[in-house]
Amino acid sequence: MLRIVVCVSGGGTNLQAIMDAIDEGRITNTEILAVISNNERARALERARSHGIRSLCISPRSYPDRETFNRAFTDRMTELAPDMVVLAGFLVRIPPQMVHAFSNRIVNIHPSLIPSFCGVGYYGLKVHEKALERGVKVTGATVHFVNEGMDEGPIIAQKPVMVEQDDTPESLQRRVMEEAEWVLLPRVIDDIANGRLEIRGDHVYHR
Ligand code: GRF
């Protein structure tokens, strides 16, 4: 059984996609131990609670400085002892000590085809604004392992989405979520839960 903790900051549609996939058997062999948010008002926490899943709020704002938050967040995650940490729309930098403690056991969904439109400052709608500004014809989503960099860890899976001529950042974000994120993240979790992934150095292979 793959025991996961899902970290969220906002609407929680990726969390919902994971919960639905577990309920519908598209993800097997997996249990969500808890959902953690840095934002106590995140709709994602309501989604977890209404699904009977333990929800916690751990916010940098509750700590005197980032180092103290990093230690508290990492200690809490260590106590929960998941096999895998899933970042589903989580907007807080993962503490270096957590990256080390959960090496190649933290996955993140990013709403572009990394290495395009990623890194510091590229999150949420901003990613799609930049993609439209650049005039790309194809964008998509990426699931990757988290390392100490920002959106730089080994790429696990990607799914392309065509950009349409009349797209706005909002319409493009919606289509990337519907056609890519909500499909890709559950699929990767199911692959990990059923031993279908292999990491060799910085590359991930599908068995
Ligand atoms: C999504 O665009 C996701 O790609 C990004 O955060 C946004 C909100 O996701 N990481 P969610 O609805 O909170 O899952």
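Below is a summary of the structure that appears in this document. Everything quoted here is computed from the prediction, not taken from an experiment.

**Digging into the pattern of salt bridges**
Applying the stated criterion across every chain, the model contains twelve salt bridges. With a closest N to O distance of 3.7 Å, Lys-130 and Glu-133 form a salt bridge. One end of the pair is Lys-130 and the other is Glu-133, both in helix H5 (residues 125-134) and three residues apart, which spans about a single turn. A relative accessible area of 28% means that Lys-130 is categorised as partly exposed.

**Topic: unusual backbone geometry**
The omega angle of the peptide bond from Ile-114 to Pro-115 is 15°, so this bond is cis rather than trans. Inspection of the secondary structure assignment puts Pro-115 in the loop between strand E5 (106-110) and H5. Of note, the phi angle at Asn-104 is positive, near 55°, even though the residue is not glycine. Along the chain, the position of Asn-104 falls in the loop between helix H4 (96-101) and E5. Here Asn-104 falls in the partly exposed class, since its relative accessible area comes to 30%. Although it is not a glycine, Asp-151 adopts a positive phi angle of roughly 60°.

**Some points on helix H1 (residues 13-23)**
The periodicity of an α-helix, 3.6 residues per turn, causes residues three or four places apart in sequence to face the same way. Taken together, the buried positions of H1 are occupied by Asn-14, Leu-15, Ala-17, Ile-18, Met-19 and Ala-21. With its phi angle positive at about 80°, Gly-25 sits one or two positions after the end of H1.

**Thoughts on H5**
Those residues of H5 not exposed but buried are Val-127, His-128 and Ala-131. Around the axis of H5, the buried residues are gathered within 90° of arc, so they sit on the same side. Directly after H5, the chain includes Gly-135, whose backbone phi takes a positive value near 80°.

**Focus: the packing of aromatic side chains**
On inspection of all chains with the given rule, the structure shows three aromatic pairs. Ring geometry for Phe-73 against Phe-90: centres 5.9 Å apart, planes inclined by 50°, an arrangement best described as tilted. Of this pair, Phe-73 sits in helix H3 (residues 66-80) while Phe-90 sits in the loop between strand E4 (84-87) and H4; the two residues are 17 residues apart in sequence, bridging distant segments of the chain. When its relative accessible area of 1% is taken as the criterion, Phe-73 is described as buried. Ring pairing ties together the aromatic residues Tyr-63, Phe-69, Phe-73 and Phe-90, which thus form one cluster.

**Thoughts on the state of the cysteines**
Disulfides are covalent bonds that connect the sulfur atoms of two cysteines. All told, the structure shown has zero disulfides when counted by the stated rule. Unpaired in terms of disulfides, Cys-7 finds its nearest cysteine sulfur in Cys-57, a separation of 11 Å. The closest cysteine sulfur to the non-disulfide-bonded Cys-118 is located on Cys-7, 20 Å from its own sulfur.

**A short note on the site of the ligand**
Around the ligand, the structure places Gly-10, Gly-11, Gly-12, Thr-13, Asn-14, Ala-88, Gly-89, Ile-109, Pro-111, Gln-173, Met-177 and Glu-181. In the model, an oxygen atom of the ligand is placed 2.8 Å from a nitrogen or oxygen of the Gly-12 main chain. At a separation of 2.8 Å, an oxygen atom of the ligand approaches a polar backbone atom of Asn-14. Here the ligand has 360 Å² of accessible area as a free molecule, and 89% of this is covered by the chains. Of all the elements in the fold, those that place two or more residues in the shell around the ligand are H1 and helix H6 (169-193). The dominant element in the shell around the ligand, judged by the number of residues it contributes, is H6, at three residues.

Thresholds, definitions, all that
Residues numbered from 1 in each chain as written. Predicted model: local features only at pLDDT ≥ 70, side-chain atom pairs only at ≥ 80, totals over all residues. Heavy atoms only, no water. Salt bridge = Lys/Arg side-chain N within 4 Å of Asp/Glu carboxyl O. Helix = DSSP H or I, 4+ residues; strand = E, 2+ residues; numbered from the N terminus. Buried < 20%, exposed > 50% of the residue type's maximum accessible area, 1.4 Å probe, protein only. Arc of directions from axis to C-beta. Phe/Tyr/Trp six-rings, centres within 6.5 Å; stacked < 30°, edge-to-face > 60°. Disulfide = S-S within 2.5 Å. Near = heavy atom within 4 Å. Polar contact = N/O pair within 3.5 Å; in protein donor to acceptor, adjacent residues only side chain to side chain. Areas by Shrake-Rupley, 256 points an atom, 1.4 Å probe, with all protein chains shown as cover.

Remember, this is a structural readout, not a statement about activity or role.
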